[in-house]
Structures are given as C-alpha cells and as structure tokens.
Amino acid sequence: MLRFPEGFLWGCATAAYQIEGSPLADGAGPSIWHRFSHTPGNVERGDTGDVACDHYRRWRDDVALMRELGLKAYRFSVAWPRVLPDGRGAVNETGLAFYHRLVDALLEAGIVPFITLYHWDLPGALQDLGGWANRDVAGWFADYAALLFDRLGDRVRHWITLNEPWCVAHLGYIAGVHAPGMRDLWAGLRAVHHLLLAHGRAVQAFRASNVKKGRIGITLNLAPQYPASRSEADLAAAQRADAYHNRLVLDPIFSGRYPELLVRRFNDAWPDAPQADLETIATPIDFLGINYYSRGVVAHAPGAGFLETRSVAQPGPHTAMGWEIYPEGLFELLVRIHGEYGGPTLYITENGAAFDDRLEPSGGVHDTDRLDYLRRHFLQAHRAIEAGVRLQGYFVWSLMDNFEWAHGYSKRFGIVYVDYETQRRVIKQSGHWYREIIARNGLEN
Ligand SMILES: OC[C@@H]1[C@@H](O)[C@H](O)[C@@H](O)c2[nH]c(CCc3ccccc3)c[n+]21
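Rules behind the numbers
- As a convention, each chain's residues are numbered from 1 in the sequence order in which they are written.
- Per-residue local features are limited, in this predicted model, to residues with pLDDT of at least 70; the limit for side-chain atom pairs, both in listing and counting, is 80 or more; totals at the level of whole chains, interfaces and linings are taken over all residues.
- Side-chain figures throughout are based on the complete set of non-hydrogen atoms in the structure, without hydrogens or water.
- It suffices for a single heavy atom of a residue to lie within 4 Å of a molecule or strand for the residue to be listed as near it.
- We define a polar contact as two N or O atoms separated by no more than 3.5 Å, with the added condition that, inside protein, one atom must be a possible hydrogen donor and the other a possible acceptor, whereas residues neighbouring each other in sequence contribute only through side-chain atom pairs.
- Here the accessible surface of atoms and residues is derived via Shrake-Rupley with a 1.4 Å probe, and residues count as covered only by protein chains that are part of the display.
- Amino acids outside the nonpolar list (Ala, Val, Leu, Ile, Met, Phe, Trp, Tyr, Cys, Pro) and the charged list (Asp, Glu, Lys, Arg) are all regarded as polar, and Gly is one of them.
- To define axes, lines are fitted to C-alpha atoms, for helices over the stretch in contact only, and angles between the resulting N-to-C directions are given on a 0 to 180 degree scale.
- Only runs of H or I of at least four residues qualify as helices and only runs of E of at least two qualify as strands under DSSP, and these elements are numbered from the N terminus.
- These descriptions rest on fixed angle ranges, namely under 35 degrees for roughly parallel, over 145 for roughly antiparallel, 65 to 115 for roughly perpendicular, and the rest for oblique.
- It is the rotation of the near helix from the far one that decides the hand of a crossing: anticlockwise by less than a right angle makes it left-handed, clockwise makes it right-handed.
- Two residues qualify as a contact provided that any one of their heavy atoms is within 4.5 Å of a heavy atom in the partner residue.
- A helix is expected to span 1.5 Å for every residue after the first.
- At any given residue, the bend is defined as the angle formed between two axes, one fitted to the seven residues that end at that position and one fitted to the seven that begin there.
- Relative accessible area decides the class of each residue, using a 1.4 Å probe on protein chains only: under 20% of the type maximum gives buried, over 50% gives exposed, and in between gives partly exposed.
- In short, DSSP must find at least two bridges between two strands for them to pair.
- Put simply, buried Ala, Val, Leu, Ile, Met, Phe, Trp, Tyr and Cys residues joined by side-chain atoms within 4.5 Å make one nonpolar core.
- Basic side-chain nitrogens of Lys or Arg form a salt bridge, by our definition, when they fall within 4 Å of a carboxyl oxygen of Asp or Glu.

Colleague: Looking at this structure, how should I read the site of the ligand?
Modeller: Neighbouring the ligand are 16 residues, the closest being Q18, E164, E350, E404 and W405. Between the ligand and E164, the relevant distance is 2.6 Å, taken from a nitrogen atom to a side-chain nitrogen or oxygen of the residue. Contacts to the ligand include W397, whose side-chain N or O atom sits 3.2 Å from an oxygen atom. Coverage of the ligand by the protein amounts to 87% of the 460 Å² it exposes when considered alone. A breakdown of the residues in the shell around the ligand according to their chemical character gives eight nonpolar, five polar and three charged.

Next up, the structure:
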C-alpha cells in the first residue's frame, strides 16, 4: 500500500464557463467565451456554455456529489463577468451571492475550497478595450481580485490568480483557436507579459488584504519537452520548446526574468519588459499549481515559425484528445521544478484524461482506461513525494464531464458522467475507485 502524506488534499477541479451555464443570468455580463462560442465556426457542433452542466442552478446537488465522493478539496473558478458585469466598476451582488452560497456549502461539507480567480472567461467589455493585450488589464484584474479577497477571504484560504497564462495568450491571441480568437504574435506576447503583471499585482493585493492565514499561487500548464532523437539539432529544438512552453512563465515568476533564448528569437515582437514589471511579476507566491496531461516530443524543423520545431507523434497509447499517455513525465516534471525553482510547495491542480465513455444499459460507465490513466499518474506523484518534492494535493480534471472549449461537449474528462439530455450525473467506475483512494489516502502498488 502506497500511502500519501497525512492531510494530502485529494480533490477535483472545474471552471466556471465549463460547468455553470446561465452565462447572462441575474445581471451577469457576457464573457469572451460567450461571444466566441456564439460565433459560428469556433466550437465543434456549434456548442456553447449556455447550459453546460447547469451548475449555476444545480450547485447544491453537485456539492452533495462531491461529499459522496469524499473529496477533501474542490478547485473551481469565479466568473469575473458574473461578479463585475463590465469587468470593473459596479458589483453584481446577485452574482457574488452565488459564490458565497457555494463556498458556505463546501465548508459545511468539510471540503476545502480552492478559488481560481481567472479561468479564461474575461468580461467582453474589457476585451472591447484590448483585453490582455492592454496593459491596463493588470489594474482591472488586481481590483477584481481585491474585491473577492474582501468578500470571500474570511472563508477561502487558498487562491489561484490565473489558470494557464500561457494558454490564454498562445491559444487566444496567437493560434486563435480559443477566445478571443486573435492571430497576432505581437498582441500575444504582450498578453503574456500583462497576464504575468496582473498575477503579480493580484499577489500584492492579497498581501495587502486582510485574508487571514491565506495562501496564494498560480496554476501553469507545464509539459516536459523531449528531443525526437539524440542529434544536436533535436536537442536544441527541445530546449527551444521547453523555453516557450515552460520557462516563458516559470522564469519570470520565480526568477524575475524572461528566457534570453526567447527574447532573441522573437526579436522585435518581444514586448517591453521594464525591470519594475519583472519585480512585480516575481512577487513571492505560497505555492505553484501544475496542470499536467502529457509531454512534448520535438524535432528541429528549419524555417518552421519562430521556434523552428515540429511535434513528433509517439506510438504509445493516447487519450481521446490525441495526447500521449506518459505518466513518467509527471515525475520528471515535478523533480525538475523542485530542483530548479527552489523546492516550492506544489499542487497538481489538474491531471486527467478524455476517453469515449459509454453509459451502459445497466446505468454504469466502465471507464477503466481513465482509471488506469489516473492510477499510473498517482504512482508517479507518490514517487516524486518519496524523492522529496513538496506535493500537498492533487485535483483530478474533472469532477464531471463539461464544456471542453473548442471541442464543445464531444470530449468527456469527468469521473462523473453527465447525460446532457437530462442533466443526470452518474459516478463512473473511476469515480467509485477515486473515492476509495481518498478514503485510504493511498493506493495499492
Ligand atoms: O483540456 C482539458 C483541460 C481543460 O478543460 C481546462 O479548462 C484547462 O485548464 C486545461 N489545460 C490543459 C492543458 C493545456 C491545454 C489546454 C487547452 C488545450 C490543450 C492543452 C488541459 N485542460
């Protein structure tokens, strides 16, 4: 039996736009994902977050579900435009009340709430002013954060400023496959800088707030990058991919500087980054949240964009997202972060897999592939703790099937199945199994 440390926080994660539905109810303002999903061609089958898992109305039953699973913690995000319909200025008290009630229900169920302040649903009104490409966003975000610290800080002790700033900038402003659907490298690199600046300003607001014994961090999607061959060219390609995917956010947050390799490569597209900004970005945090799903394998690709790298498909098993299943990458990533960035307190704030689940006539969902994926990753997390990594919790993505961004509802990540026709929740085999892991705080090796 492999035991995890006493008090290890086993949980599940979700995000507002992916589960809540009712995006414009009770005075809420439209987010960029409301606009993006309602713009034809952006999301598979024209799916939107209009209903999703109807969590905005079914939250009591969903907390009961979390209690049935025995979760120790629950990571969720606050929809900025529900609380501040214009992104700044007037507070929508009804919108805020939803989160008050949710937090109180979690505490009553003995579940530790982790709030993500921003999980991609920027108020549309702020996008109209340039969104993350406008440097003023750092102040708007800090004010929004300060409001939540003031209103919920007496009951919520764990705070995450941003979910995956890299994805927000790369997918939303450079690749254009996520909201706001821009394809502008100059805007995208400025967005990275302003996201990190906003993070630093929010951490400073947190330190100035009266949140008692609170802890604040940021969640980064990190993927170790491996060379496709031992050639010098491929080794250098893996270094460039690592700098862009990982060090672009890790280095400024922990070391107050951007990777020189990137500044040189992106040349005149690189944004101005005054020293004062970098000091704000590097304001010390209490923990780092890591979202791990898979690794990258890259080769040198002369002339292929700024990075000159190409992804090399791997033979191993893959998930329904086409992501290679590579559990060892989690161990290698955790040990590297521990060694290279000063041994910070870590949480896995997301890890999970999409598979094509089937609701059996018997009413069960035998998602043994997801159970096996999770089991293999839990083993690697345990290996990392044994190696001295200060890992204090693990949030499975996701509590329930939900709106998977540009894939709409076609991809299921939940350990609980959602029948969108009826909104019925069915705990999958992986959910029943996870409840036992939590109860025993460990797993059979
Ligand atoms: O794709 C599964 C989940 C999303 O549902 C979460 O909202 C998001 O935080 C999240 N991040 C990642 C890893 C980075 C990534 C994001 C989007 C698309 C591809 C990779 C996977 N996921």
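Colleague: I'm lost on the packing of helix α8 (residues 165-174) against helix α9 (residues 185-208) in this one. Help?
Modeller: Packed helices, taken two at a time, are described by the angle between their axes plus the distance between the axes. At a minimum axis separation of 9 Å, α8 and α9 run at an interaxial angle of 160 degrees. In terms of orientation, α8 lies roughly antiparallel with respect to α9. The element α8 and its partner α9 pack so that their crossing is right-handed. Seen from α8, the contacting residues are P165, V168, A169, Y173 and I174; seen from α9, they are L185, A187, G188, L189, A191, V192, L195 and L196. Tallied by class, the residues present in the contact of α8 with α9 amount to 12 nonpolar, one polar and no charged.

Colleague: Is there a simple way to explain the environment of R358 in this structure?
Modeller: Mapped onto the fold, R358 is located in the loop between β11 (346-351) and α14 (368-386). Only 3.1 Å separates the side chain of R358 from the side chain of E360, close enough to count as a polar contact.

Colleague: Can you help me understand helix α3 (residues 55-69) in this one?
Modeller: Every α-helix winds through 3.6 residues per turn, so residues three or four apart in the chain are directed the same way. The first and last C-alpha atoms of α3 sit only 17 Å apart over 15 residues, clearly below the 21 Å expected at 1.5 Å per residue. Of all the bends in α3, the greatest measures close to 40 degrees and is centred on D61. Buried within α3 we find H55, Y56, W59, D62, V63, L65, M66 and L69. Just beyond α3, the residue with positive phi is G70, at close to 75 degrees.

Colleague: Sorry if this is basic, but what is going on with the sheet that holds strand β7 (residues 225-227) here?
Modeller: The pairing of strands in a sheet happens through backbone hydrogen bonds and is either parallel or antiparallel. An order of β7-β9-β10 is seen for the three strands of this open sheet, with the pairing classed as mixed. The open sheet has two free edges, formed respectively by β7 and β10 (309-311), since each of these has just one partner strand. Going from strand to strand, the sheet's axes swing by 45 degrees on average, the running direction of each strand aside. When strand β9 (residues 296-300) meets β10, the two strands line up antiparallel, connected through three bridges. By the bridge assignment, H300 is partnered in β10 with T309. Its contacts with the sheet place helix α10 (residues 232-255) against β7, β9 and β10, and it is angled at close to 130 degrees to β9.

Colleague: Please clarify how the nonpolar core should be interpreted in this entry.
Modeller: Nonpolar side chains in soluble globular proteins tend to be buried together. Grouped together as the largest cluster of nonpolar side chains are 154 residues, with contacts concentrated most on W132, W159 and Y434. Of all the elements, α9 adds the most residues to this core, at 13 residues. For W159, the residues in contact, after removing those within four places along its chain, are I115, L117, L148, F149, L152, G153, F206, V211, R215, I216, G217 and F287.

Colleague: Looking at this structure, how should I read the pattern of salt bridges?
Modeller: Here the idea is simple: oppositely charged side chains can pair when their charged atoms come close. For the structure on display, the rule yields 24 salt bridges. Put simply, E20 and R82 hold a salt bridge, and the shortest N to O gap is 2.8 Å. Linking E20 in the loop between α1 (16-19) and α2 (32-37) with R82 in helix α4 (residues 80-83), this pair joins segments that are 62 residues apart in sequence. Note that D286 and R207 form a salt bridge whose closest N and O atoms lie 3.0 Å from each other. Here the residue D286 occupies a position in the loop between α12 (275-281) and β8 (287-291), and R207 occupies one in helix α9, the gap between them amounting to 79 residues. By relative accessible area, R207 is classed as partly exposed at 40%. Among the charged side chains, a network of salt bridges with common partners joins D357, D367, R370, D401, R412 and K428.

Colleague: Looking at this structure, how should I read the environment of P344?
Modeller: Among the structural elements, P344 can be located in the loop between α13 (328-340) and β11. The class of P344 is buried, set by a relative accessible area of 12%. Considered as a pair, P344 and L391 are 47 residues apart in the sequence and their alpha carbons are 8.7 Å apart. When near neighbours in sequence (up to four residues on either side) are disregarded, P344 contacts F254, I337, H338 and R390.

So, to be careful, I would describe these as geometric facts and stop short of saying anything about function.
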